[in-house]
There are 2 protein chains.
Amino acid sequence: MEYKSMDAAQLKAEHAAVEQKFQALKAKNLKLDMSRGKPGKEQLDLVSDMLTVLSKPEDCIIDGFDVRNYGELTGLPCAKVFFAELLGCKPEECFIGGNASLTLMYDTVSKAYTHGLLHSEKPWCKLDKVKFLCPSPGYDRHFKVSETFGMEMITIPMTETGPDMDAVEEAVKDPAVKGMWCVPKYSNPEGVIYSAETIDRIAHLKPAAPDFLLIWDNAYCIHEFEGDYVPFPDILSLCREAGSPDMVFEFASTSKVTFPGAGVSVMAASVDNLKYMTGLIGMQAISSDKVNQLRHVRYLKDKAHALELMKRHAAVLGPKFRAVLNALDKEIAPLGIATWKRPTGGYFVSLDTNDGLAKRTLTLCKEAGVVMTGAGATFPYGKDPRDRNIRIAPSLPPVEELEAAIDVFCTCLKLAALEQLLANK
Amino acid sequence: MEYKSMDAAQLKAEHAAVEQKFQALKAKNLKLDMSRGKPGKEQLDLVSDMLTVLSKPEDCIIDGFDVRNYGELTGLPCAKVFFAELLGCKPEECFIGGNASLTLMYDTVSKAYTHGLLHSEKPWCKLDKVKFLCPSPGYDRHFKVSETFGMEMITIPMTETGPDMDAVEEAVKDPAVKGMWCVPKYSNPEGVIYSAETIDRIAHLKPAAPDFLLIWDNAYCIHEFEGDYVPFPDILSLCREAGSPDMVFEFASTSKVTFPGAGVSVMAASVDNLKYMTGLIGMQAISSDKVNQLRHVRYLKDKAHALELMKRHAAVLGPKFRAVLNALDKEIAPLGIATWKRPTGGYFVSLDTNDGLAKRTLTLCKEAGVVMTGAGATFPYGKDPRDRNIRIAPSLPPVEELEAAIDVFCTCLKLAALEQLLANK
């Protein structure tokens, strides 16, 4: 029975029952974490053969080049070939970075501020105002980058097919709008795959700002956990064909393919963009860890081999996502207090409570020992205007812990909903 | 016989002989590199056991923490302990970075521009002018960082005991002077160890700028190639005792201890500075490669063990430096056309020709197939006012190649000197 259909007596009875369960869960002193998209131990063990792929000096030579020494600022050619195949772009469009694509993204924005991008009239730090489009719910770390540089963030609603493109096309008429954050495949947190039409409209954007920065964070480019690999278009080609080759910077990494703590990242952009950026990065870096680049290439080999590995990750992740979705279907669906997406890739389940329940639900979760991503985190400035979106990250805990955690979550969500309904009676 | 004492006939005869030798060397089509402080293959092989120090999943757990996963933005506690012992500071004063300390330095300067430092009144990008002190000859990559941010670089003469402190103390009275580059032990390129008095005067600087940034690049902190390890004071303690705990950021790395292409770097600063910077870096990074941090700690163990390893590097490097110095002593010293330092650590021999010979010498070297650091590189804007400083980097080539390269260098230096003397006759 839906909560909203209950009369006061029924609500009170239900509240008493849920409250009792909540107290019982609290008494267990749980310490469970569904806060971040962290792979679990089983996934890390899965790829730990990588540790010994390079074991002797001669393993470190490729094409006559010794990866242990200085050089190759833009990355090993073999690493560029690997990532280019993954993303569908060209090797010469790839710059290989260190352990986090976030750093490559931040540094790109930072250089826009200190030096300007290829087509900037001046560095962004010399402008009165910089605005940035933030499809939301979105990735909190993206929004934090915008925030730390003092940008004005403009919320763009997310739809089933990606950002609301009518809103985007309208917004980019403002020359102060300098860019947009995108996670185009299995968007964080909703798991939406941008539709072909959305991607086409994005590639054809004609922003007023000549240095509009389309940040294409392809974090989950090969990260299916249900079903087969979903092919995805190369945004660099599409922007080039649409006459804006320098508008986009694409990012990806092996953080959720190999080790989050020791991965390799990539920035893909037009050859002109990379030439310009490499000139600036040459003042900042000698090269990222090339031993680790080669270790990754030898271990992952090529796209086909990487996709096989991702199937093995999926075998670990799939049951975790199903555990979450099953619990929500069983415990929450009949109550009419929340809706959620059913992603087939990525690292999150995005849930929308009825308005005004997210913060309270997560406060209760915390009391009961379950850490979740903070309410509001998926919106600019950490403020969810309807206080409803919750990002569930099921990847870290083992299934049995996860089941305990999601049980806590469902209980807290019910309690928050009942409290609200009772208060409004 | 000194060249300057030769008469025209003697000079012509000598020129003909040296020119003949030069042509003979050119005909060999050599391809030798003394341009950068790159370790040689023997040094890389020396440390390649490190590749397999972590080989199983359980090797990656330390104090219950799995280094393969996300977390620990500021670095592994064990890595902080290691670097703190090396530098003489406290573990909580250490931030562990990726493959290059240059990146940590650049990022510190970049954040001064975009956000300001702990005691900045405003971000440096909002200032009309930023000036920076550049003890010269110095490290070209330092000066390039200043240049890319549009700083006005002020040349401070280097002396036998470090930067000319009278000039430094005078310069910092200008509030636009925002910092200074220092390589305090085995300075790049001269190999000078700053004296205790110089270091004390630096720690006691009272710059007009409240956010004066003393960049203490301790790149060669344990890099003796002759004689025993030379103890060195902890600049963080000295600045704290002098009442300016937040003035200094110290940097070091394992680039020339383990692999230049896969090392670990450290930024050491006051706890307050690190707290402030970590707040900003948290928007940019998740953590640097922690598997590599642990790999380094397990391999290098502690300072005593690292110093033993450096003795083995010294056994490789010592003969190379001696080959350079012996050749200069034999071939150049009698001619009165150049002077040079005799370093006992670091990666360079710094040579001053008579005025106006550096560029020509290096042009000739290039013609004969020997690549050297560009003339002028050791001065701000790449301009050596007396066109005399040449940085010789003997570490990369094997000894026999090095002997060939230094023979070419001596020949080119002689030829340049003779050309100049003949032109002035």
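Residues numbered from 1 in each chain as written. Chains lettered and ligands numbered in written order. Predicted model: local features only at pLDDT ≥ 70, side-chain atom pairs only at ≥ 80, totals over all residues. Heavy atoms only, no water.

S.K.: Please explain the side chain of asparagine 69 of chain B as it appears in this structure.
M.R.: Topologically, asparagine 69 of chain B is positioned in the loop between strand 3 (65-66) and helix 3 (77-87). In this structure the side chain of asparagine 69 of chain B is engaged in a polar contact, spanning 2.8 Å, whose partner is the backbone oxygen of proline 39 of chain A. Dropping the residues within four chain positions of it, asparagine 69 of chain B is found in contact with Lys38, Pro39, Leu44, Pro260, Gly261 and Leu396 of chain A together with Lys290 of chain B. (Helix = DSSP H or I, 4+ residues; strand = E, 2+ residues; numbered from the N terminus. Polar contact = N/O pair within 3.5 Å; in protein donor to acceptor, adjacent residues only side chain to side chain. Contact = heavy atoms within 4.5 Å.)

S.K.: I tried to follow empty space enclosed by the protein on my own but got confused; where do I start?
M.R.: Gaps left between atoms are located by rolling a probe of water-molecule size over the structure's atoms. Throughout the structure, instances matching the rule amount to 11 cavities of 30 Å³ or more. Computed from the structure, the largest cavity encloses a volume of approximately 760 Å³. Considering the residues around the largest cavity, the lining is formed by 47 residues, among which Gly98, Asn99 and Thr103 of chain A together with Gly98 and Thr103 of chain B are closest to the centre. When contributions to the lining of the largest cavity are tallied by element, the ones reaching two or more residues are strand 4 (94-97), helix 4 (101-114), strand 11 (265-268) and helix 9 (271-281) of chain A together with strand 4 (94-97), helix 4 (101-114) and helix 9 (271-281) of chain B. Class assignment for the residues of the lining of the largest cavity results in 20 nonpolar, 21 polar and six charged. (1 Å grid on protein atoms, 1.4 Å probe; cavity = no way out; pocket = protein on both sides within 12 Å on 5 of 7 lines; lining within 4 Å. Points joined across faces, edges and corners; volume = space filled by probe spheres on them. Nonpolar A, V, L, I, M, F, W, Y, C, P; charged D, E, K, R; others polar.)

S.K.: I keep staring at the packing of aromatic side chains and nothing clicks. Help me out?
M.R.: Each aromatic ring pair is summarised here by two numbers: the centre-to-centre distance and the angle between the ring planes. Counted by the stated rule, this structure contains 16 aromatic pairs over all chains. Summarising the aromatic geometry, the rings of phenylalanine 225 of chain A and phenylalanine 321 of chain A are spaced 3.8 Å apart at their centres and angled 15° between planes, so their arrangement reads as stacked. You can see phenylalanine 225 of chain A sitting in the loop between strand 9 (213-217) and helix 8 (235-241) and its partner phenylalanine 321 of chain A sitting in helix 11 (residues 303-332), a full 96 residues away along the chain. Here tyrosine 113 of chain B and phenylalanine 149 of chain B contribute two aromatic rings whose centre-to-centre distance is 4.8 Å and whose plane-to-plane angle is 25°, an arrangement assigned as stacked. Of this pair, tyrosine 113 of chain B sits in helix 4 while phenylalanine 149 of chain B sits in the loop between helix 5 (140-148) and strand 6 (152-159), and the two are 36 residues apart along the sequence. Phenylalanine 149 of chain B matches tyrosine 113 of chain B in its accessibility class, with the two residues each being buried. Every member of this aromatic cluster is reached through a ring pair, and the members are Tyr106, Tyr113, Trp124 and Phe149 of chain A. Positioned above the aromatic ring of tyrosine 347 of chain A is the side chain of lysine 256 of chain A, whose terminal nitrogen or guanidinium carbon lies 5.4 Å from the ring centre. (Phe/Tyr/Trp six-rings, centres within 6.5 Å; stacked < 30°, edge-to-face > 60°. Buried < 20%, exposed > 50% of the residue type's maximum accessible area, 1.4 Å probe, protein only. Lys NZ or Arg CZ within 6 Å of the ring centre and 35° of its normal.)

S.K.: For this particular structure, what's the right way to read the sheet that holds strand 15 (residues 389-392) of chain B?
M.R.: Through backbone hydrogen bonds, the strands of a sheet pair up, either in parallel or in antiparallel fashion. All names here are of chain B. Here we have three strands laid out as an open sheet, ordered 12-13-15, and antiparallel in their pairing. Whereas interior strands pair on both sides, the edge strands pair on one side only; in this sheet they are strand 12 (338-340) and strand 15. For this sheet, the mean inter-axis angle between neighbouring strands, taken without regard to orientation, is 25°. Summarising the sheet, strand 13 (residues 349-353) and strand 15 pair through four bridges and their orientation is antiparallel. (Pairing = 2+ DSSP bridges. Axes fitted to C-alpha atoms, helices over the stretch in contact; angles between N-to-C directions.)

S.K.: What's the story with the interface of chain A and chain B in this structure? I'm lost.
M.R.: When the parts of a complex come together, some accessible area is lost, and that lost area is often used as the size of the interface. Across the contact, 57 residues belong to chain A and 57 residues belong to chain B. Ranking the residues of chain A by area buried against chain B places Arg68, Tyr70 and Met283 of chain A at the top, with a combined share of 17%. The interface formed by chain A and chain B holds two salt bridges in total. One salt bridge connects aspartate 45 of chain B with arginine 68 of chain A, and the closest N-O pair in it is separated by 2.8 Å. Taken together, the links from chain A to chain B amount to 28 residue pairs in polar contact (both at pLDDT 80 or more). Of all the secondary-structure elements, those providing two or more residues to the side of chain A that touches chain B are helix 2 (41-46), helix 4, helix 5 (140-148) and helix 10 (290-300) of chain A. At eight residues, helix 4 of chain A tops the list of elements feeding residues into the side of chain A that touches chain B. Taken together, the residues of the side of chain A that touches chain B break down into 24 nonpolar, 18 polar and 15 charged. (Buried area = accessible area lost by both parts, 1.4 Å probe. Salt bridge = Lys/Arg side-chain N within 4 Å of Asp/Glu carboxyl O.)

Take it as geometry only, folks, not as evidence of what the structure does.
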